[in-house]
Amino acid sequence: MHKHGKIFLAMAVTALVTLTTSGCNFFGKVVPDPTPAVGQLNDGTSFVGSWSTSFSDVSTSNVPDFATTTTFNLDGNGGLQVTTRDMLSGGATCVGSGQYRLIGENNLILYIQSVLPTTCVMTSQIQLSSVQVSTGYLSYIDPNSGNAYHLFSDRAQHIAPVGVWDFAGAGGIDYLFLDVHGYFVMQTTIGGQQYLLQGYYNIVGGGLSLYYFNNGDPTKVIGSTIFDSFVTNGQVLELTQTTTSGNIVLDGGIL
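Every value quoted in this text rests on a predicted model; they were computed, and no experiment measured them.

> Can you walk me through the overall build of the chain in this structure?
Summing up its helical and strand segments, the chain has 1 helix and 17 strands in all. Restricting the contact set of the chain to residue pairs at least 6 apart, pairs at least 24 apart contribute 37%. Looking at the chain as shown, the accessible area adds up to about 14400 Å², and 55% of this sits on carbon and sulfur atoms.

> How should the sheet that holds strand β9 (residues 163–166) be read in this particular structure?
Note on sheets: strands pair through backbone hydrogen bonds, and any given pair is parallel or antiparallel. The strand order β14-β13-β12-β11-β10-β9-β17-β16-β15 describes an open sheet built from 9 strands, whose pairing is antiparallel. For this open sheet the edge positions go to β14 (217–227) and β15 (229–232), each flanked by a neighbour on one side alone. Averaged over all neighbouring strand pairs, the angle between strand axes comes to 30 degrees, with direction disregarded. In terms of strand pairing, β15 meets strand β16 (residues 236–243) through 4 bridges, oriented antiparallel.

> Explain empty space enclosed by the protein here, please?
To locate leftover empty space, one rolls a probe as large as a water molecule over the atoms. Taken as a whole and assessed by the stated rule, the structure comprises 1 cavity of 30 Å³ or more. Space inside the largest cavity adds up to approximately 40 Å³. The wall of the largest cavity is formed by Trp51, Phe72, Leu74, Leu108, Leu110, Leu128, Leu138 and Leu151.

> So what exactly am I meant to see when it comes to the state of the cysteines here?
What is meant by a disulfide is a covalent connection between two cysteines, made through their sulfur atoms. The tally for this structure, following the rule as stated, stands at 1 disulfide. Between the sulfur atoms of Cys94 and its disulfide mate Cys120 the distance is 2.0 Å. A torsion of -80 degrees about the S-S bond marks the disulfide between Cys94 and Cys120 as left-handed. Residue Cys94 is found in strand β4 (residues 93–103), and its partner Cys120 is found in the loop between β5 (107–116) and β6 (125–134); the two are separated by 26 residues along the sequence. The pair Cys94 / Cys120 is uniform in exposure class, with both members buried.

> Looking at this structure, I do not really get the side chain of Ser52. What am I missing?
Mapping Ser52 onto the fold places it in strand β1 (residues 49–56). Not counting the four nearest positions on each side in its chain, Ser52 is found in contact with Thr70, Thr71, Leu151, Phe152 and His181.

> It is not clear to me how the nonpolar core should be interpreted in this structure. Could you clarify?
One broad rule of soluble globular proteins: the nonpolar side chains tend to lie buried together. Counting 20 residues, the largest nonpolar core has Leu74, Leu108 and Leu110 as the members making the most contacts within it. Broken down by secondary-structure element, the contributors of at least two residues to this core are β2 (67–74), β3 (79–86), β4, β5, β6 and β7 (137–141). Per element, the largest residue contribution to this core is 4 residues, and it comes from β5. Setting aside its immediate chain neighbours within four residues, Leu110 contacts Phe72, Leu74, Leu80, Gln99, Tyr100, Ser124, Gln125, Ile126 and Leu128. Trp165, Met186, Ile203 and Leu239 belong to the second-largest nonpolar core, a separate cluster that totals 17 residues.

> Would you take a moment to explain unusual backbone geometry for this structure?
Negative phi is the rule for most residues except glycine; trans is the rule for most peptide bonds. Going from Leu116 to Pro117, the amide bond is cis rather than trans, its omega being -10 degrees. Locating Pro117 in the fold gives a position in the loop between β5 and β6. At Ser130, a residue that is not glycine, the phi angle is positive and equals roughly 50 degrees. One can find Ser130 in strand β6. One non-glycine residue with positive phi stands out, namely Ala168, at about 55 degrees. Mapped onto the fold, Ala168 is located in the loop between β9 and β10 (175–178). What makes Ala168 exposed here is its relative accessible area of 58%.

Rules and cut-offs
- Numbering of residues starts from 1 in each chain and follows the order in which that chain's sequence is written.
- At least 70 in pLDDT is required for a residue's local features to be given in this predicted model, at least 80 for side-chain atom pairs to be given and counted, and no such filter applies to totals for whole chains, interfaces and linings, which use all residues.
- To obtain the side-chain values, all non-hydrogen atoms of the structure were included, while hydrogens and water were left out.
- The numbering of helices and of strands both runs from the N terminus, where a helix is a DSSP run of H or I of at least 4 residues and a strand a run of E of at least 2.
- Working rule for contacts: check all heavy atoms of both residues, and any pair within 4.5 Å makes them a contact.
- Note on areas: Shrake-Rupley, 1.4 Å probe, and residue coverage restricted to the protein chains presented here.
- One requirement defines pairing of two strands: DSSP has to find at least two bridges between them.
- In this analysis an axis means a line fitted to C-alpha atoms, helices contributing only their contacting stretch, and an angle means the value between N-to-C directions, from 0 to 180 degrees.
- In the cavity and pocket records, a cavity denotes points on a 1 Å grid over the protein atoms alone where a 1.4 Å probe fits but cannot get out, a pocket denotes an open set with protein on both sides within 12 Å along at least 5 of 7 lines, and lining residues are residues with an atom within 4 Å of a point.
- Grid points are joined across faces, edges and corners, and a volume is the space filled by probe spheres set on the points.
- In this description, a disulfide is simply a cysteine sulfur pair whose atoms lie within 2.5 Å.
- The cut-offs for exposure are 20% and 50% of the maximum accessible area for each residue type, with area from a 1.4 Å probe on protein chains only; residues under the lower value are buried, those over the upper are exposed, and the others partly exposed.
- Only buried residues count toward a nonpolar core. Its members are Ala, Val, Leu, Ile, Met, Phe, Trp, Tyr and Cys residues joined through side-chain atoms within 4.5 Å.

Spelled out as C-alpha cells, the structure:
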C-alpha cells in the first residue's frame, strides 16, 4: 500500500511540473476590478472639458447685486482650473488652479491649490455629488444643500453682446444677462413679483434668439423669444422684434 501511494504522489508532482512549465497557471489568480480612467465616471462617461454656469439675483430696481459666470475646466490628467468672472461694470476675474479626484462612483472633489490674482478669495475644496454627464450639460447635487444644479458645455456665440443689460421692464425684460458661453439669465416682473428665467441664446443672421429652460432643466425648453436683429455700441443694446403690428424696438443699457 505504501509503495503504490508513493507512485501516485510522484505521478501527481510530475503532472503539476508539466502544467507549470507548459505556461498554464494551475492555481489561477485574482483579477482586480477595473478602475476608471482619469476624467471618467465609473460607468465610463467622460467629464473632461469646459463646464460653466451663470448666476444673478432678483432685483426690484432692475439692477442685480451680482452677476457672475463660473467655469470649470477639467483635463484628462486630473488638472483643474476654476474661473469666476464678475459681469457687472466689467468686474474682476479670478482664476483658481488645482486638481480633482473621483471619490466612489460619481462624486468629484475639486481642490483649489492656488489663486490669481492673490487678492481673490476662492473656496479651497468644492464637492460635486452624484455627478451625471449628458449631452450638453453636467448635473450634480450640492451635498450641503441637497439641491441639484447644472453646468453647461461651451456654446459661445460669435459677436455676442455679452454683459448685463438693463431694459427697465421694456418688452417684459427687467434685465438680461448674456454670458460669454452662450447662456442667459433674465429677470421679468409679473403681477408685481420678480422671476428669474434661464436658458441659452443663438445668434443667426444678425438676430438674437432666447430659448427658455423649464425650472433650469436644459432638457426641457418651454419657449423662445426671437429678436430679428440687434445692434450695440457697447453701452446700449437695441433689440428689434417684428410683429404683425410693426416693429418693436427695445433699448437696454449696460450695467
